[in-house]
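What follows is the residue order along each chain.
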Amino acid sequence: MLEQMETARQAALAVLKPSSKDLDHGLQLHADAVVCDAYGFGPSAAVDGDELRRMHEAGASDEELKDAVERMHATRVATDPLERRDYEAAWRASGVTCLVRNSAEEDRPIDDMVKRLAYQTFVTDRMGHLVRKAIRPADVEAAKRDGRGVIMMAANNVPIPQRWASVHDELGHVRIFYMLGVRTMHLTYNRRNPIGDGCGEPADAGLSDFGHAVVAEMNRVGVLVDVAHAGQRTSLEAARASSVPMAASHTVCRGLRDHVRGKTDEVIRAIADTGGYVGICGIPAFLGRSGDIAALLDHVDYAARLVGPDHVAIGTDRGIHATRNEQEMAKLPPRRRTRRHWRSLWPPDDPLFDPAWNRSEQTASLLWTNWPLLTVGLVQRGYRDEDIRKIIGLNVLRVARAVFRERTV
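The structure contained in this document is the topic of the report that follows. (Residues numbered from 1 in each chain as written. Predicted model: local features only at pLDDT ≥ 70, side-chain atom pairs only at ≥ 80, totals over all residues. Heavy atoms only, no water.)

1. A word on the overall build of the protein
Right, on to step 1. The helix and strand tally for the protein stands at 18 helices and 11 strands.
Right, on to step 2. Taking 22 Å as the expected radius of gyration for a compact globule of 409 residues, we find that the protein reaches 20 Å, a close match to that expectation.
Right, on to step 3. C-alpha atoms of the protein, sized along the principal axes, occupy 60 × 55 × 45 Å.
Right, on to step 4. Across the 409 residues in the protein, those meeting the buried criterion constitute 58%.
Right, on to step 5. A separation threshold of at least 6 residues defines the contact pool for the protein, and within that pool the share at least 24 residues apart is 77%.
Right, on to step 6. Taken as two groups, the 55 positive and 56 negative side-chain charges of the protein have centres that lie 2 Å from each other. (Helix = DSSP H or I, 4+ residues; strand = E, 2+ residues; numbered from the N terminus. Rg over C-alpha atoms; globule rule 2.2 N^0.38 Å. Buried < 20%, exposed > 50% of the residue type's maximum accessible area, 1.4 Å probe, protein only. Contact = heavy atoms within 4.5 Å. Lys, Arg positive; Asp, Glu negative; His and termini not counted. Charge placed at Lys NZ, Arg CZ, Asp CG, Glu CD.)

2. Some remarks on the environment of Arg116
Right, on to step 1. Secondary-structure assignment places Arg116 in helix 6 (residues 110–126).
Right, on to step 2. Since its relative accessible area comes to 10%, Arg116 is described here as buried.
Right, on to step 3. In the structure, Arg116 is positioned 46 residues away from Gln162 in sequence and 20 Å away in space, judged by C-alpha atoms.
Right, on to step 4. What Arg116 contacts, discounting residues up to four positions off in sequence, is Glu70, Asn102, Ser103, Ala104, Glu105 and Glu106.

3. Considerations on the packing of aromatic side chains
Right, on to step 1. In total, this model carries 4 aromatic pairs according to the counting rule given.
Right, on to step 2. Consider the rings of Tyr87 and Trp91, whose centres lie 6.5 Å apart with planes at 65°: the pair is edge-to-face. Of this pair, Tyr87 and Trp91 both sit in helix 5 (residues 81–94), 4 residues apart, which is roughly one turn of the helix. The pair Tyr87 / Trp91 is uniform in exposure class, with both members buried.
Right, on to step 3. Seen from their ring centres, Trp164 and Phe210 are 5.6 Å apart, and the 80° between their planes marks the pair as edge-to-face. Taken together, the residues Trp164 in the loop between strand 5 (149–155) and helix 8 (167–179) and Phe210 in helix 9 (residues 209–221) connect sequence positions 46 residues apart.
Right, on to step 4. An aromatic cluster is present here, built from Tyr87, Trp91 and Trp368 joined pairwise through their rings.
Right, on to step 5. The aromatic ring of Tyr178 is capped on one face by Arg183, whose charged end is 3.8 Å from the ring centroid. (Phe/Tyr/Trp six-rings, centres within 6.5 Å; stacked < 30°, edge-to-face > 60°. Lys NZ or Arg CZ within 6 Å of the ring centre and 35° of its normal.)

4. Concerning unusual backbone geometry
Right, on to step 1. Not every positive phi belongs to a glycine, and Asn190 is a case in point at roughly 70°.
Right, on to step 2. The residue Asn190 is located in the loop between strand 6 (182–186) and helix 9 in this model.
Right, on to step 3. The phi torsion at Asp204 lies on the positive side, around 50°, for a residue other than glycine.

5. Concerning the packing of helix 3 (residues 49–57) against helix 4 (residues 62–79)
Right, on to step 1. Direction vectors running N to C along helix 3 and helix 4 enclose 165°, while the axes themselves pass 11 Å from each other. The angle between the axes of helix 3 and helix 4 places the two elements in the roughly antiparallel class. In terms of crossing hand, the pair formed by helix 3 and helix 4 is right-handed. For the pair helix 3 and helix 4, contact is made by Glu51, Leu52, Met55 and His56 and by Glu64, Leu65, Ala68, Val69, Arg71 and Met72, respectively.
Right, on to step 2. When the residues that make up the contact of helix 3 with helix 4 are grouped by side-chain class, the tally is 6 nonpolar, 1 polar and 3 charged. (Axes fitted to C-alpha atoms, helices over the stretch in contact; angles between N-to-C directions. Parallel < 35°, antiparallel > 145°, perpendicular 65-115°, else oblique. Left-handed = near helix turned anticlockwise from the far one by under 90°. Nonpolar A, V, L, I, M, F, W, Y, C, P; charged D, E, K, R; others polar.)

6. Some thoughts on helix 11 (residues 265–273)
Right, on to step 1. Looking at helix 11, one finds that the buried residues are Val267, Ile268, Ala270, Ile271 and Ala272.
Right, on to step 2. Buried residues in helix 11 make contact with helix 10 (232–241), strand 8 (247–251), strand 9 (277–280) and helix 13 (293–307).
Right, on to step 3. Following helix 11 by one or two positions, Gly275 has its phi on the positive side, about 95°.

Below is the structure:
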């Protein structure tokens, strides 16, 4: 992993070409600042290929193997010495104080959501010397003082049991997952659900009556409403419905790159009007143009010009896999071809899953451990230190203070 990190760093420096003055200033500013990744994955472990092969030979189902792969990626950083070493190196290199991490699975039953939440809880329980769980803004501030990181749990959907006995019954798990530490929930994930339409739905029908009840309950309990994967109308109506700040934690600006995962100027303004923020992500296909670190900063510029630096963040939607992962996965016999996943709704010519695009030197510049160079890039572009601190962390913290205030749940 260390070689991978250095290669990515050099790729980013080749794109940015900072002066020595800007580089030194940016790196020091990053080291001093509270840095919040509004949505990302951070470092993950390589799988144990031998265990996967044994599972396959014993007749494990595709679903069992999928669960095992996800469990290994998440938890082996706490149980395997080599994976732990790389995990710690990646966290230190990133300079991230708080990672808002996907910790409950999208468009899945509640018990599947609990699995992913358990994996991240296991890691923070075992790795407290490096990274802990955060449930309030004060935890983030304490982590900065202590030289640690924190993970704040996010769910890629709202946990609804779909028993449909009553609206009250359907909303009950918002409170349960809040108690388990989840502080952010996505209203939709690309497709339509009972709450509203996802970004991939052509009808873009907006927020349902039930969706309004969901927003109200999230506001009441203290969970951030996230519309990163929601349709434009759903996002707009959620912003109008929310009584507290909300976010699109990892998206892009459609005024710069017209992609279904982006947000229009109208939606960005509506989110800013709640007091919330738009987090710019690091997915090359969404960014367009070169799909590199400079493209991400272009979207930050666009959003900052539109609504001001008080309402812009960075939610990388990126991580870093241990370099041994491909070698370990190769120990598993080829699996049968599967149909396109339910949640996948992308333009047919989208380069999102194009290996050549995603492995190029340009896109390598977006590796999660290059977070300090995002700060350097903002210095290069003339942002004031005060505004850079907001964009790379304080805006997320400000919204957390407004939304996560203690309530009787």
